[in-house]
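Okay, here's what each chain looks like letter by letter:
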Amino acid sequence: MYDFIRGQLVSIAFVVFILGLIFQFIQFFRLTKKKEWVYPPLEVKREKKTAGKWVAFCLASLNGTLWKTDPLITIATSVFHVFLILVPIFLLGHNILLDQSWGLSLWSLPESITDILTLVILTGVAFFLGRRLFLSRVRVITSLYDYVILLIAAAPFLTGYFAYHQWFNYDTVMTLHILAGEAMLITIPFTKLGHMLFFFLYRFLIGSEYSFAKGARAW
Amino acid sequence: MPNQEMKPVDTKQIREMLNRKKGKMKRYLSHCAHCSLCAESCFLYRAHQKDPQYMPSYKAIYSLGRLYKKRGKVDRKLLTEIKGIVWRNCVLCGRCYCPIGIHIPSMIAFARSILRSQEVYPQLDEVFSESWL
C-alpha cells in the first residue's frame, strides 16, 4: 500500500492533473471559439505614455481594485497564492526526490525559509477559515464543500510541516502528506481549485478595464 | 399578475435551456471560490447597509446556482423567489467585479431568460403600484 502511494499513485496524480488541465484548456477554447460582443467594442484611445506616466497610470488604476476597498485581503490572498505555488516547487526535500528519480532538480530554497513560508501559508488558511466562520457575508454563501476544498489545499502543507519537524509518527505523517498532495493534484482540474488555470483564462473574457488583455474572447 | 401563477412550470424546457449553456455556466458556478470579494463592487450591496443578499455571488448562486442544483425541477414558488433576486436585487449594470474573473452578469441574465421562458418576470406595465417589489 505504502509503495503504491509513493510510487504509482504519484504518477497517476500527475497524469490526471496535467491531462485534466489540458482537457479544461481545450474545452475552454472550444466554448469560446465564437467571438461574441454584448456591446460594440469600446474604442480605446491609444496614446504613447512615458515611463513615469505609465507608472502613475498603474498606481491610479489600483484605486479601482480590491487594493482600495480591502487592502488586508489583497495582501493575504496574494501572499498565500504565490507561496502556495512556489514553496512546493522550490522545496529542498522535493528536489532531492526529483533528483533521485529523474536525475534532475530545480533550484531550492533554504529549509529555514521554506519552514517559515509554510507557516505563512498556514496562517493564510487560518485567515480564510476565520473569514468563512465569522464573516456573515462569506458564511451566507459557504457550504460544507468549501471547507473540504480548504482542507484539500491546507492538508499538504500541514502534514508537510509535521513531517519536517518529525512530529507524531513520521511514516504515517509522510504517507498522509503524499496522499494529501496527490488529492490536491487530482482535484485541481475538476473542482473550485480549477481557478488555478481559469484565473488566467477568464482574463481574456472579461472587460478590458478588469483584465490583462482586451477581453475580446467573449463567451 | 395572476396569469403568472396559473401556468404549470415546464421543467423539461428549463432543463433543456440549462443544458444548452452547461459548459459555460456550470464552470462559472463551480469556479466561484465563495470568497465574497465581489460584494463591494455592487452599488446595491453598498446602498443596503452591506446586506449579504445583494452580493453578486449570492445573487448568482441563489438564482442560477439553485436552478442547476435542482436540475430544473423547480416550482413556481421558487421561480417567483428567484424573480426577486434577478430583477429586484440586481439591475444588470454589469459593474460587478470577480477577482477570479467570473462574468456574473451573464449568469443573472441567463437566469432571467429561464424565468422569462416560464412567464415569470416583473410586469411593471400591469400593476398600479410598485407592489411587485
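Here the structure is shown first, and the text comes after it.
Bear in mind the structure is a predicted one, so any value in this text is a computation, not a measurement.

Visitor: What is the right way to look at the overall build of chain B in this model?
Guide: When helices and strands are tallied, chain B shows seven helices and zero strands. Along the chain direction, N to C, the helices and strands of chain B fall in the order α-α-α-α-α-α-α. Over its C-alpha atoms chain B spans a radius of gyration of 15 Å, differing by no more than 12% from the 14 Å that the globule rule assigns to 133 residues. Along the first, second and third principal axes, the C-alpha atoms of chain B reach 40 × 35 × 20 Å. A burial count over chain B gives 40% of its 133 residues as buried. Look at the contacts in chain B between residues 6 or more apart in sequence, and 72% of them connect residues 24 or more apart.

Visitor: How should the overall build of chain A be read in this particular structure?
Guide: From N to C terminus, chain A includes 11 helices and zero strands. For chain A, with 219 residues in total, the buried portion stands at 19%. Taking all contacts inside chain A whose residues are at least 6 apart in sequence as the whole, residues at least 24 apart take part in 57%.

Visitor: Would you mind going over the packing of helix α2 (residues 8-31) of chain A against helix α10 (residues 170-187) of chain A with me for this structure?
Guide: Residue and element names in this part refer to chain A. It is at 7 Å that the axes of α2 and α10 come closest, and there the two elements cross at 25 degrees. One finds that α2 runs roughly parallel with respect to α10. Our pair here, α2 against α10, has a crossing hand that is left-handed. Judged by residue contacts, L9, V10, A13, F14, V16 and F17 of α2 engage E182, L185 and I186 from α10. Considering only residue class, the contact of α2 with α10 consists of eight nonpolar, no polar and one charged.

Visitor: Hey, could you run me through unusual backbone geometry in this one?
Guide: Residue and element names in this part refer to chain B. Of note, the phi angle at H34 is positive, near 55 degrees, even though the residue is not glycine. Mapped onto the secondary structure, H34 falls in the loop between α3 (22-31) and α4 (43-47). Residue classification places H34 among the partly exposed positions, given that 19 C-beta atoms sit within 10 Å. The backbone of R71 shows a phi angle near 50 degrees, a positive value even though the residue is not glycine. Relative to the helices and strands, R71 is located in the loop between α5 (56-69) and α6 (76-88). With 12 C-beta atoms packed within 10 Å, R71 lands in the exposed category.

Visitor: Can you walk me through the nonpolar core in this structure?
Guide: What tends to happen in soluble globular proteins is that the nonpolar side chains get buried as a cluster. Among the nonpolar cores identified, the biggest contains 42 residues, and C38(B), V86(B), I104(B), M107(B) and A111(B) are the most heavily contacted of them. For this core, the elements supplying multiple residues, two or more each, are α3, α5, α6 and α7 (104-117) of chain B. Counting residues per element, this core draws most heavily on α7(B), which supplies seven residues. If we ignore the near neighbours within four places in the chain, the residues touching I104(B) are C38(B), P56(B), A60(B), C96(B) and C98(B). If you look at the next biggest cluster of nonpolar residues, it comprises 16 residues, including A153(A), L176(A), M184(A) and L185(A).

Visitor: Hey, could you run me through the interface of chain B and chain A in this one?
Guide: Of the residues lining the interface, 22 residues belong to chain B; the matching set on chain A comes to 25 residues. Element by element, the count of residues in the side of chain B that touches chain A is highest for α3(B), at four residues. Looking at the side of chain B that touches chain A residue by residue, the classes come out as 11 nonpolar, nine polar and two charged.

Visitor: I keep staring at α10(A) and nothing clicks. Help me out?
Guide: Because an α-helix completes one turn every 3.6 residues, residues spaced three or four positions apart along the sequence face the same direction. Residues and elements named next belong to chain A. With 18 residues, α10 ought to run about 26 Å at 1.5 Å a step, and its terminal C-alpha atoms sit 25 Å apart, in line with that. All of the buried residues along α10 are V173, L176, H177, I178, A180, G181, E182, M184, L185 and T187. Looking at the buried side of α10, the elements it contacts are α1 (2-6), α2 and α9 (144-164).

Visitor: Just to check I follow, could you spell out the packing of helix α7 (residues 111-134) of chain A against α9(A) for this structure?
Guide: When two helices pack together, you describe them by how their axes are tilted relative to each other and by the distance separating the axes. All names here are of chain A. Running from N to C, α7 and α9 point in directions that differ by 155 degrees, and their axes come no closer than 10 Å. In terms of their interaxial angle, α7 and α9 are classed as roughly antiparallel. Where α7 crosses over α9, the two elements pack in a sense that is left-handed. The segment α7 lies against α9, with D115, T118, I121, L122, V125, F128, L129 and R132 engaging D146, L150, A154, F157, L158, G160, Y161 and Y164. Of the residues in the contact of α7 with α9, the class split is 11 nonpolar, two polar and three charged.

Visitor: Sorry if this is basic, but what is going on with the environment of K69(B) here?
Guide: With respect to the helices and strands, the residue K69(B) is situated in helix α5. Measuring from C-alpha to C-alpha, the distance between K69(B) and K26(B) comes to 10.0 Å, with 43 residues separating the pair along the chain.

Conventions adopted
- Throughout this description, residue numbers start from 1 for each chain and increase along the sequence as written.
- In the order they appear in the text, chains get letters beginning with A and ligands get numbers beginning with 1.
- Reporting of local features is limited, given that this is a predicted model, to residues whose pLDDT is at least 70; pairs of side-chain atoms are given and counted only at 80 or more, and all residues count toward the totals for whole chains, interfaces and linings.
- Helix and strand definitions follow DSSP, with helices as H or I runs of at least four residues and strands as E runs of at least two, each counted in order from the N terminus.
- Throughout, radius of gyration means the C-alpha value; the globule benchmark is 2.2 Å times the number of residues raised to the power 0.38.
- Counting other C-beta atoms within 10 Å of each residue's C-beta, where C-beta atoms are placed from the backbone, gives the exposure class: buried for 20 or more, exposed for 12 or fewer, partly exposed between.
- Working definition of a contact: two residues with C-beta atoms, positioned from the backbone, lying within 7 Å.
- For helices, the axis comes from a line fit to the C-alpha atoms of the stretch in contact; other axes are also lines fit to C-alpha atoms, and the angle between any two N-to-C directions lies between 0 and 180 degrees.
- Here the word oblique covers every angle except those under 35 degrees (roughly parallel), over 145 (roughly antiparallel) and from 65 to 115 (roughly perpendicular).
- For any helix crossing, the convention is left-handed if the near helix is rotated counterclockwise from the far helix by under a right angle, and right-handed if that rotation is clockwise.
- Three residue categories are used. Nonpolar comprises Ala, Val, Leu, Ile, Met, Phe, Trp, Tyr, Cys and Pro, charged comprises Asp, Glu, Lys and Arg, and polar comprises the others, including Gly.
- By convention in this section, buried Ala, Val, Leu, Ile, Met, Phe, Trp, Tyr and Cys residues joined through C-beta atoms within 7 Å make up a nonpolar core.
- To estimate the expected span of a helix, count its residues, drop one, and scale the result by 1.5 Å.

Limitation: the analysis is restricted to geometry and does not speak to function.
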